[in-house]
Structures are given as structure tokens and as C-alpha cells.
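# Summary of structural features
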Amino acid sequence: MANRYHCCATCTHFSAEKKQGGGMHYRCIRLGYETKPAYTFHCWEPKEHVKKLMEKRNHSS
């Protein structure tokens, strides 16, 4: 079963910056790649609040 929280937007390495003239620039700081919030990579390290949500969900299942 896939982890519903596993995506770039929930990773500690994810960076989102506004571009001049509009739009957003998403980047994985660890890998140095341009990315999208919904992409997934094996190096995913969840943010602290995501870890808590995952723990809470596992205990309530």
C-alpha cells in the first residue's frame, strides 16, 4: 500500500519559491532537481508535522 503522505511537498528537502512575474519554482534542495509537489523520490524525508500525522493515523487504524 502506498503512503498517502509520500510526495515532494511533504519532504524536508522541498523548496517552493515565487518566480518574478508570477508562478512558482519547486526544487528538491537535496537532489538539486526542479520538481513538482506531487512527485515522489526514494530519498523522501517527511517533515515533522507529517511524521506526527502518520503516527496518529497508524495508531487509530
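Everything below is about the structure printed above this text.
Thresholds applied
Residues numbered from 1 in each chain as written. Predicted model: local features only at pLDDT ≥ 70, side-chain atom pairs only at ≥ 80, totals over all residues. Heavy atoms only, no water. 1 Å grid on protein atoms, 1.4 Å probe; cavity = no way out; pocket = protein on both sides within 12 Å on 5 of 7 lines; lining within 4 Å. Points joined across faces, edges and corners; volume = space filled by probe spheres on them. Nonpolar A, V, L, I, M, F, W, Y, C, P; charged D, E, K, R; others polar. Helix = DSSP H or I, 4+ residues; strand = E, 2+ residues; numbered from the N terminus. Contact = heavy atoms within 4.5 Å. Phe/Tyr/Trp six-rings, centres within 6.5 Å; stacked < 30°, edge-to-face > 60°. Pairing = 2+ DSSP bridges.

### Topic: empty space enclosed by the protein
Taken as a whole and judged by the stated rule, the model has 1 cavity of 30 Å³ or more. Considered as a void within the structure, the largest cavity measures approximately 70 Å³ in volume. Around the largest cavity, the lining residues are Cys7, Cys8, Cys11, His13, Phe14, Cys28, Phe41, Cys43 and Trp44. Here the lining of the largest cavity is built from residues that sort into 8 nonpolar, 1 polar and no charged.

### Digging into the side chain of Thr35
Along the chain, the position of Thr35 falls in the loop between strand E3 (33–34) and helix H1 (48–60). What Thr35 contacts, discounting residues up to four positions off in sequence, is Cys8, Phe14, Tyr26, Arg27, Cys28 and Phe41.

### Comments concerning the packing of aromatic side chains
Scanning all chains against the criterion turns up 1 aromatic pair. Ring centres of Phe14 and Tyr26 lie 5.6 Å apart, and the angle between their planes is 20 degrees; on these two criteria the pair is classed as stacked. Of this pair, Phe14 sits in strand E1 (residues 14–18) while Tyr26 sits in strand E2 (residues 24–28), placing them 12 residues apart in sequence.

### Things to note about the pairing of E2
Across 5 bridges, E1 lies against E2 in antiparallel orientation. Bridge pairing links Ser15 to Arg27 in E2. In textbook terms, the turn of a hairpin is the stretch between consecutive antiparallel strands, and for E1 and E2 this stretch comprises 5 residues, one of which, Gly21, has a positive phi near 85 degrees. In the sheet, E2 pairs with E3 via 2 bridges, with the strands oriented antiparallel. In the sheet register, Arg27 faces E3, and the bridge partner there is Glu34. Between E2 and E3, which pair antiparallel in sequence order, lie 4 residues; one of them, Gly32, sits at a positive phi of approximately 80 degrees.

### Looking at the sheet that holds E3
Read from one edge to the other, the open sheet built from 3 strands follows the order E1-E2-E3, with strand pairing classed as antiparallel. Two strands in the sheet have a free side with no partner beyond their single neighbour: E1 and E3.

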